[in-house]
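# Overview (structure and organization)
Each chain is listed here by its residues.
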Amino acid sequence: MARLVMKFGGTSVADLDRIRNVARHVKREVEAGNQVAVVVSAMAGVTNTLVGYTKDAAALHDAREYDAVVASGEQVTSGLLAIVLQDMGVEARSWQGWQIPIHTNEAHGAARIERIEGETVIERLERGQIAVVAGFQGLAPDNRIATLGRGGSDTSAVALAAAIHADRCDIYTDVDGVYTTDPRIVPKAQRLDRVSFEEMLEMASLGAKVLQVRSVEMAMVHGVRTFVRSSFDDPDAPQVGNGGLPPGTLICDEDEILEQQVVTGIAFSKDEAQISIRNVADKPGVASNVFGPLADANINVDMIVQNISPDGKTTDITFTVPETEYERARAVIEANSEGIGYETLEGTTDVVKVSVIGMGMRSHAGVAADCFRGLAGKGINIRAITTSEIKISVLIDSAYTELAVRTLHSLYGLDG
């Protein structure tokens, strides 16, 4: 017998037929003798509709009331799934975030989970009851409902799994696992049986959309084995795949991965913009004058490249920001132009970041050189580079996105 958390996203609970299918997945695990807690999102499109209502009601609104409205989508789903499970003869009850409770900080609309009191849920599970928990929500210090922001239900599920000491957290979604890259771009992309927490964190932060970054961070911190699988698979299909696991991808500690490839996957992010500040006086404090105001404006800066002129008197500083922050970042630089002292300000949003990720890179030389050589062979110019122990990221013109991803995917032997 295992204790599982099963999480189902909006497309998995899009209507009553889909909810009945979810209930069959849950019932299968119950009949296998497992203790089960379920975390659900709002039905597909519902959250966007509720957000639209708040905007239509008033352009500026109280974030606490926004949360009261938006959190209702998950409440509906959890109640409906509990009803369907009861109709199937499975003892189940719905739980809202405040009933458990899931404690968050005070940041309404983008709250972070601080702790979960899981004792009552554990007691109910041990009595054979299924807990159907509304994701995306918790209880703020002001005793009001707080929502967790984009991808909050994934985070809810992983946090609940940690709180109730679950053996595994199964994330059911509309894809059947984590792939070496986007199969829509590279048809030969392979589903990975296992991925380390560190690799998944890099992949999620660098453009892979399977899991939200916060949920992977929480899984890594608390050691929650997380399994990505498809809710569209037949609930009655065989549940044993490679390694004794159902079809999907297990995200786990590196020690659980016996054969580690040099490169695990290729990720890409189109949400990138490049800004270049030309002919800045090369003197102490210039970088602080550039990046200090951006930090004060809560604008995240990623890649940074600095080129000093031959005479050592001026420098060019190039960096990237999220595309959604491009105009605001330019405005911040322009507002501080006197303190920075640049000659020209240039920028573009027509760029993409492509990343090579793999734990095996720690112990293998030449991975970066192969990347640069492979891209050069296809005539792809690199605008900026960043590296870590397990990743290499390059900024290139967006027109070369597919060519770059396919080239690197083949180069590192990831094609099937």
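See the structure above.
Since we're looking at a predicted model, the values are computed, not measured. (Residues numbered from 1 in each chain as written. Predicted model: local features only at pLDDT ≥ 70, side-chain atom pairs only at ≥ 80, totals over all residues. Heavy atoms only, no water.)

### Side note on the sheet that holds strand E18 (residues 351-357)
Spatially, 4 strands are ordered E13-E18-E20-E19 in an open sheet, and the strand pairing comes out antiparallel. Each of the sheet's edge strands pairs with one partner strand only, and the pair in question is strand E13 (265-269) and strand E19 (384-388). For this sheet, the mean angle separating the axes of adjacent strands, direction not counted, is 20°. Note that E19 and strand E20 (residues 391-397) share 5 bridges and pair antiparallel. Paired with Ser-388 across the bridge in E20 is Lys-391. (Pairing = 2+ DSSP bridges. Helix = DSSP H or I, 4+ residues; strand = E, 2+ residues; numbered from the N terminus. Axes fitted to C-alpha atoms, helices over the stretch in contact; angles between N-to-C directions.)

### Observations concerning the packing of helix H2 (residues 46-57) against helix H3 (residues 63-70)
Packed helices, taken two at a time, are described by the angle their axes make and the gap between the axes. Between H2 and H3, whose axes approach to 9 Å, the crossing angle comes to 145°. You can see that H2 and H3 cross each other, and the crossing is right-handed. Packed against H2, whose contacting residues are Thr-47, Leu-50, Val-51 and Thr-54, the element H3 presents Tyr-66, Val-69 and Val-70 at the interface. Partitioned by chemical class, the residues of the contact of H2 with H3 number 5 nonpolar, 2 polar and no charged. (Left-handed = near helix turned anticlockwise from the far one by under 90°. Contact = heavy atoms within 4.5 Å. Nonpolar A, V, L, I, M, F, W, Y, C, P; charged D, E, K, R; others polar.)

### Concerning the packing of aromatic side chains
The tally for this structure, following the rule as stated, stands at 2 aromatic pairs. Judged by centre distance (4.5 Å) and plane angle (20°), the ring pair of Phe-8 and Tyr-172 falls under stacked. With a gap of 164 residues between them, Phe-8 in strand E1 (residues 3-8) and Tyr-172 in strand E9 (residues 168-173) connect regions that are remote in the sequence. Arranged with centres 5.3 Å apart and planes meeting at 75°, the rings of Phe-291 and Phe-319 form a pair that is edge-to-face. Taken together, the residues Phe-291 in helix H9 (residues 286-296) and Phe-319 in strand E16 (residues 314-321) connect sequence positions 28 residues apart. Phe-319 carries the same exposure label as Phe-291, and that label is buried. Directly above the ring of Trp-95 sits Arg-93, whose terminal nitrogen or CZ lies 3.7 Å from the centroid. When the ring centre of Phe-227 is taken as reference, the NZ or CZ atom of Arg-168 above it lies at 5.3 Å. (Phe/Tyr/Trp six-rings, centres within 6.5 Å; stacked < 30°, edge-to-face > 60°. Buried < 20%, exposed > 50% of the residue type's maximum accessible area, 1.4 Å probe, protein only. Lys NZ or Arg CZ within 6 Å of the ring centre and 35° of its normal.)

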